[in-house]
Amino acid sequence: MKSRTFNVPEELIVEFAQVLGQHGLANSIEGITQEGEVIIEVDYENPQRKVIHELHDLIDDFNDEEEEEDEE
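Just so you know, these numbers come straight off a predicted model, no measurement behind them. (Residues numbered from 1 in each chain as written. Predicted model: local features only at pLDDT ≥ 70, side-chain atom pairs only at ≥ 80, totals over all residues. Heavy atoms only, no water.)

Undergrad: Hey, could you run me through the packing of aromatic side chains in this one?
TA: The description of an aromatic ring pair uses the distance of the two centres, along with the angle that the planes make with each other. All told, the structure shown has 1 aromatic pair when counted by the stated rule. Here phenylalanine 6 and phenylalanine 16 contribute two aromatic rings whose centre-to-centre distance is 5.4 Å and whose plane-to-plane angle is 65°, an arrangement assigned as edge-to-face. Here phenylalanine 16 lies in helix 1 (residues 13-23) and phenylalanine 6 lies in strand 1 (residues 2-8), a separation of 10 residues in the sequence. Grouping residues by exposure puts phenylalanine 6 and phenylalanine 16 together as buried. Directly above the aromatic system of phenylalanine 6 lies the positively charged group of arginine 4, at a separation of 5.2 Å from the ring centroid. (Phe/Tyr/Trp six-rings, centres within 6.5 Å; stacked < 30°, edge-to-face > 60°. Helix = DSSP H or I, 4+ residues; strand = E, 2+ residues; numbered from the N terminus. Buried < 20%, exposed > 50% of the residue type's maximum accessible area, 1.4 Å probe, protein only. Lys NZ or Arg CZ within 6 Å of the ring centre and 35° of its normal.)

Undergrad: Before we go on, may I ask you to explain a negative patch on the surface in this structure?
TA: On the surface, a cluster of negative charge is made up of Glu10, Glu11, Glu54, Asp57, Asp60, Asp61, Asp64, Glu65, Glu66, Glu67 and Glu68. Note on placement: glutamate 66 falls in helix 2 (residues 49-71). (Patch = residues over 30% accessible without salt bridge, like charges linked within 9 Å, V, L, I, M, F, W, Y side chains within 5 Å. Areas by Shrake-Rupley, 256 points an atom, 1.4 Å probe, with all protein chains shown as cover. Salt bridge = Lys/Arg side-chain N within 4 Å of Asp/Glu carboxyl O. Lys, Arg positive; Asp, Glu negative; His and termini not counted. Charge placed at Lys NZ, Arg CZ, Asp CG, Glu CD.)

Undergrad: What's the story with the environment of serine 28 in this structure? I'm lost.
TA: Residue placement: serine 28 occurs in strand 2 (residues 27-32). The class of serine 28 is partly exposed, set by a relative accessible area of 29%. Serine 28 sits 25 residues away from histidine 53 along the chain, and the two C-alpha atoms are 18 Å apart. In this structure, serine 28 is in contact with Ile39, Ile40 and Glu41, ignoring residues within four places of it in sequence. A distance of 2.5 Å separates the side chain of serine 28 from the side chain of glutamate 30, its partner in a polar contact. (Contact = heavy atoms within 4.5 Å. Polar contact = N/O pair within 3.5 Å; in protein donor to acceptor, adjacent residues only side chain to side chain.)

Undergrad: Honestly, the nonpolar core in this entry has me stumped. Any pointers?
TA: Across soluble globular proteins, nonpolar side chains show a tendency to be buried alongside one another. If you look at the biggest cluster of nonpolar residues, it comprises 17 residues, and the most contacted ones within it are Phe6, Phe16, Leu25, Val42 and Leu55. For this core, the secondary-structure elements that each account for two or more residues are strand 1, helix 1, strand 3 (38-44) and helix 2. For this core, the leading source of residues is helix 2, giving 6 residues. (Core = buried A, V, L, I, M, F, W, Y, C linked by side-chain atoms within 4.5 Å.)

Keep in mind that these numbers describe shape and distance, not what the molecule does.
In structure tokens:
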């Protein structure tokens with residue numbers, strides 16, 4: 001089993017948790033960053049790598065949108 005740690009923005013936590021639940025991924029909350037992001041460790045097997053990429057993309061898309069709003 002592999003694990004991946006994500007820093008999840010507070011505003012995205014519900015959507016992130018829904019994806020975890022839909023795919024039955026084991027996870028644990030490890031703490032909070034200084035920026036208020038929730039640190040979540042997700043355990044997965046190789047066939048679930050696609051879901052890990054989906055979670056990563058979810059966070060990247062959110063961060064990109066935030067950067068665009070800050071630039072305006």
